[in-house]
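Letter by letter, the chains look like this.
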Amino acid sequence: MKPIEEQMATYAAYHQDARNKATHFIGVPIIVLSLFIPLAWLRVGDVSAGTILAAVLVVYYLLLDVPLGLAMLVVFAALAWLGESIATMGALTGWTWFAVLFIGGWILQLVGHVFEGRKPALADNLFQIFVAPVFLCAELFFALGYKPRLHEAVQRRALEMRAQSV
């Protein structure tokens, strides 16, 4: 497993434009929410596939960084709860919400990359799709003054990577 600094720097190299970041702050959570809706219908006993996916990702985030992992636990718990709530409204309502949120979220992502002038990070590495949520959480931490060393290291490395790809 690559260290958090490396994974976030790779993602950050594709996300330097403030407008792109803004679209991702909306798009990524609504895509995650959309996925929790159909995953709520897939169950192992009383546990939904959404809960299992969230647990696996939170464990991964905790291994990368405990404070960020704990923050992601809160975020994923809220999104999974909301997704399960929407799923209980029935299949038609659930699939409608899924489609609107999923398509809308991806449109926002792609608009952001038009501003950025770069293709999405997942075009080069599909695993970056799992880095996006924790990257956004880290961006909030950085904006609040937490983890300044990680922020500086990620930014420095991202700008180096970006310069090499031009």
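Whatever comes next refers back to the structure up there.
Residues numbered from 1 in each chain as written. Predicted model: local features only at pLDDT ≥ 70, side-chain atom pairs only at ≥ 80, totals over all residues. Heavy atoms only, no water.

## Considerations on the packing of aromatic side chains
Two descriptors summarise a pair of aromatic rings, namely the distance from one centre to the other and the angle between the planes of the rings.
Then comes step 1: Taken as a whole and judged by the stated rule, the model has 11 aromatic pairs.
Then comes step 2: Note on Trp95 and Phe98: the rings are 5.5 Å apart at their centroids and 85 degrees apart in plane angle, and the pair reads as edge-to-face. In this pair, Trp95 and Phe98 both sit in helix α5 (residues 91–116), 3 residues apart, roughly one turn of the helix.
Then comes step 3: On the basis of relative accessible area, Trp95 is assigned to the partly exposed category, the value being 45%.
Then comes step 4: Geometrically, the ring pair formed by Phe102 and Trp106 is edge-to-face, given 6.3 Å between the ring centres and 65 degrees between the ring planes. Of this pair, Phe102 and Trp106 both sit in helix α5, 4 residues apart, which is roughly one turn of the helix.
Then comes step 5: A relative accessible area of 27% places Phe102 in the partly exposed class.
Then comes step 6: Grouping aromatic residues by their ring pairs yields a cluster made of Phe36, Tyr60, Tyr61, Phe76, Phe127 and Phe130. (Phe/Tyr/Trp six-rings, centres within 6.5 Å; stacked < 30°, edge-to-face > 60°. Helix = DSSP H or I, 4+ residues; strand = E, 2+ residues; numbered from the N terminus. Buried < 20%, exposed > 50% of the residue type's maximum accessible area, 1.4 Å probe, protein only.)

## Regarding the packing of helix α2 (residues 18–41) against helix α6 (residues 128–143)
Then comes step 1: Closest axis-to-axis distance for the α2/α6 pair is 10 Å, and the angle between their directions is 130 degrees. In this view, α2 runs oblique relative to α6, as classed from their interaxial angle. Remark: the crossing between α2 and α6 carries left-handed chirality. Along the contact surface, α2 presents Lys21, His24, Phe25, Val28 and Val32, while α6 presents Ala132, Pro133, Leu136, Glu139 and Leu140.
Then comes step 2: For the contact of α2 with α6, the residue count by class is 7 nonpolar, 1 polar and 2 charged. (Axes fitted to C-alpha atoms, helices over the stretch in contact; angles between N-to-C directions. Parallel < 35°, antiparallel > 145°, perpendicular 65-115°, else oblique. Left-handed = near helix turned anticlockwise from the far one by under 90°. Contact = heavy atoms within 4.5 Å. Nonpolar A, V, L, I, M, F, W, Y, C, P; charged D, E, K, R; others polar.)

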